[in-house]
Structure formats: C-alpha cells, structure tokens
Amino acid sequence: MPRILVTGGAGYVGSHTVIELINYKFEVVAVDNMVNAIMGGKGKPESLARVEKLTGGVVDFEQVDILNENELEQVFANKGPFDCVIHFAALKAVGESCKLPLRYYRNNVIGSINLLEAMSRHNCKNIVFSSSATVYGPPQYLPIDEKHPIGSCTNPYGKTKFMIEEIMHDMCLADPEWKAIMLRYFNPVGSHPSGEIGEDPCGIPNNLMPYISQVAVGKRPCLQVYGNDYETKDGTGVRDYIHVMDLAEGHVAAVRKSLDKDFQGWTAYNLGTGQGNSVLEVVSAYEKASEKNVPYEFMPRRGGDIASSFADCSRAEKELNWKAKKSIHDMCADAWRWQSNNPNGFQIP
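Below: a short report on this structure. (Residues numbered from 1 in each chain as written. Predicted model: local features only at pLDDT ≥ 70, side-chain atom pairs only at ≥ 80, totals over all residues. Heavy atoms only, no water.)

## Some remarks on the overall build of the protein chain
A tally of helices and strands in the protein chain yields 11 helices and 14 strands. Here the protein chain has a C-alpha radius of gyration of 19 Å; the compact-globule value for 349 residues is 20 Å, and the two agree. Taken across its 349 residues, the protein chain has 53% of its residues classed as buried. Across the protein chain, every contact between residues at least 6 apart in sequence was considered, and the portion connecting residues at least 24 apart equals 79%. (Helix = DSSP H or I, 4+ residues; strand = E, 2+ residues; numbered from the N terminus. Rg over C-alpha atoms; globule rule 2.2 N^0.38 Å. Buried < 20%, exposed > 50% of the residue type's maximum accessible area, 1.4 Å probe, protein only. Contact = heavy atoms within 4.5 Å.)

## Topic: the sheet that holds strand β12 (residues 277-278)
Strand order in the open sheet made by the three strands is β12-β9-β14, with mixed pairing throughout. Two strands close off the open sheet at either side, each with one partner strand: β12 and β14 (308-309). Pairing of strand β9 (residues 238-239) with β14 involves two bridges; the strand directions are parallel. Within β14, the position partnered with Val238 by the bridge is Ser308. (Pairing = 2+ DSSP bridges.)

## Examining the sheet that holds strand β5 (residues 126-132)
Spatially, seven strands are ordered β3-β2-β1-β4-β5-β6-β11 in an open sheet, and the strand pairing comes out parallel. Because the sheet does not close on itself, it has two edges, and the strands there are β3 (60-63) and β11 (265-271). Between one strand and the next, the sheet's axes are offset by a mean angle of 20°, whatever the strand orientation. Inspection of the sheet shows strand β1 (residues 3-7) paired to strand β4 (residues 84-87) by four bridges, in the parallel sense. (Axes fitted to C-alpha atoms, helices over the stretch in contact; angles between N-to-C directions.)

## Some points on helix α7 (residues 208-216)
In terms of burial, α7 is a largely internal element, nine of the nine residues being buried. Within α7, burial applies to Leu208, Met209, Pro210, Tyr211, Ile212, Ser213, Gln214, Val215 and Ala216. Positioned one or two residues after α7, Gly218 has a phi angle of 95°, which is positive.

## Observations concerning the pattern of salt bridges
Scanning the model with the defined rule gives 18 salt bridges in all. In this structure, Asp229 and Arg301 form a salt bridge, with 2.9 Å as the shortest nitrogen-oxygen distance. Taken together, the residues span a long stretch of sequence, with Asp229 in the loop between β8 (223-226) and β9 and Arg301 in the loop between β13 (296-299) and β14 at a distance of 72 residues. Arg301 gets classed as partly exposed once you look at its relative accessible area, which sits at 45%. Residues joined by salt bridges that share partners form a network here, namely Arg3, Glu27, Asp60, Glu62 and Lys79. (Salt bridge = Lys/Arg side-chain N within 4 Å of Asp/Glu carboxyl O.)

## Quick word on the side chain of Ser258
Relative to the helices and strands, Ser258 is located in helix α8 (residues 244-258). Assessed through its relative accessible area of 0%, Ser258 is described here as buried. For Ser258, the side chain forms a polar contact with the main-chain oxygen of Val255, separated by 2.8 Å. Other than its neighbours up to four places away in sequence, Ser258 contacts Cys84, Asn126, Lys179, Ile181 and Phe263. (Polar contact = N/O pair within 3.5 Å; in protein donor to acceptor, adjacent residues only side chain to side chain.)

## A few points about the environment of Ala307
Of note, Ala307 is situated in the loop between β13 and β14. In this view, Ala307 contacts Tyr230, Thr232, Gly237, Val238 and Arg239; residues no more than four positions away in its chain are not counted.

## Thoughts on helix α2 (residues 46-55)
Where α2 is concerned, the buried positions are Glu46, Ser47, Leu48, Arg50, Val51 and Glu52. In this structure, the buried residues of α2 make contact with α1 (12-23), β2 (27-32), β3 and α11 (328-341). Following α2 by one or two positions, Gly56 has its phi on the positive side, about 75°.

Here you go:
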C-alpha cells in the first residue's frame, strides 16, 4: 500500500485530498504548521479529525513547519519511507504577498527547498506540487493550455509558485530519477458534500466563494464586486471555478501517475472545468442553491485584475484520465451546506 506524505494536509485543499487518498486505500501522513488551521481533539487539526470521521480511516498527523529542517528530517526518519509527497504547504493570500513579500519567499520557496532536500536524503523522488494558474500571468490567449508562457506573474505569491516549478524542473533535469507533477489549478471552491469540512479562511476572505458564503449566512453585510466594466458577458470578471472534490480527485490521479514506472521527469497539468463563470453568475447560482439573498455593490477595479481566465484541461483528461464533473450549482450547494452547518468554520464552541 503506497505511503503518501501530505504537507499542508490540514488546509482546505489538503484535507479534501486526504479524504480521497484514504478512499483509494493510500496510507497518509499529514504535516501542517497550523498557521491557518484549528486544533481539535486528540491532538489533531479539527479538519483531519473530521476526515477520519467521514472515512473511518486514520490520518497520521505531525505538527511540523517545513521551514524547520530538523522537524522535517524527523518526519522522514520516523514516519517514512514515503512513495510520494503531495506538497500543499504554502502561504497563499495574493494581497498579503504584495505587502509581505519576504515572508512569502521565505515560507514558500525556502520551505519547498527544505522539503526537496529531505526527500533526496531519504530517496523519495516522487512529488506532486500544488501550483497555480497564477504562474501564467495575464492570459495571452484563452483557454489557457500548458503551452502558454509562464513567469509573467503579477504578485509575489504567483512568483513563488513559478520559482518552485522552475526549481523542480531543474531538479528533474539534473537527476532523471526524479518525477515531479505540477498541478496548476484555477479557482477551488465548494466543500465535501457532507458539509463536515470546507474552506475556513482566517479573517476577511480573499476569494469570492467564501465571501459570498459569509454574506449569505449573515456574517458580512454585502459583497463587494470589483469592476463591472470588463469586456465580459455582464461586465464582471470571469474565472474558471472548480469543485474542491474534483480537485482532490485530480491529486489522486497525479499520485497514481507518478507511481507509474513508465512515467518520467517533469510535467504540468491544468485542473479546471474548462469554462468560465462571471462574478454575477456565481452570485446568482449561490442564491439559488442557498435560497438566500446575496446583496452586492460595485467597486472600482483592483490593480492587476484581468477580465477573463479559464483553462484548457485536455492534457489532464488524456494523460491522467481525469475530468471535472461537478457543476457551478454543485459548488454553491456544497459551499452553502458547509457554511450554514459551520457558520464559524472549524471554531469549536
């Protein structure tokens, strides 16, 4: 039974991916520094305690910061050997990265180097990296495929993802035993259909769906929509939203690909639905799914925002045998189920 190390395993995409790994009978060891997670009972993050409840499986958890080389070394020495690593651990707020760039470069880039060095010492040379469509920068054409130029990133967060991709590419060129899969995903939303786990942002949400959810549940008075004069169907920005459970299945497909003896080297895959929805379309879908009114007001455009971005995911469909299945209605319905059942997220009363 393959043994998988998941960094950032208590986070939003990480915890949903752990569910799918367990469902596919992988052994899972999760590490997280808990900077964006809440500790539950039995010394485990509340998100992973709920994962165990949902799956009936066991998640071996260690509170570890990947910036701490000694802690990371102990995980590999005491919990390995690992067949593959899924690397989620990162700071990810775009706006914050512009204000605190050194924090992002230190955490995301140096942390990733620490992880890769620990993997090398313990002869684990398979990695699936949680990258992002931000590596493409402003789209030169749509839909965006993996041949689209990368590196013209508009913020430090995106630049860290690009740098890490380049580091892993160079590593594979230097040592052909390495296998590295970059998963460039677009806009993860929704939650597990049980409503037991979901996105639990700290403070004011940075992304559209959790902000809409907090307005719908009464935590915030109004959604601010930045820009209504883009060249789109209704003037608001268009993005490719993907259900987090589809995304989790994409990570499992990538792990299985990396474990294939015939797979070699470095490869990137887009994970999205292949179509875009505008802000107002998402608001409308959420209102229908939740039967709640979501008031909004238009604000000036934000610097760096673009009109439209959506993916060509045909490579993932062809090579990973993966395709997003869930609709925007599914995304909104599951997001509302999570938010309405957990108005304060994972915070234990």
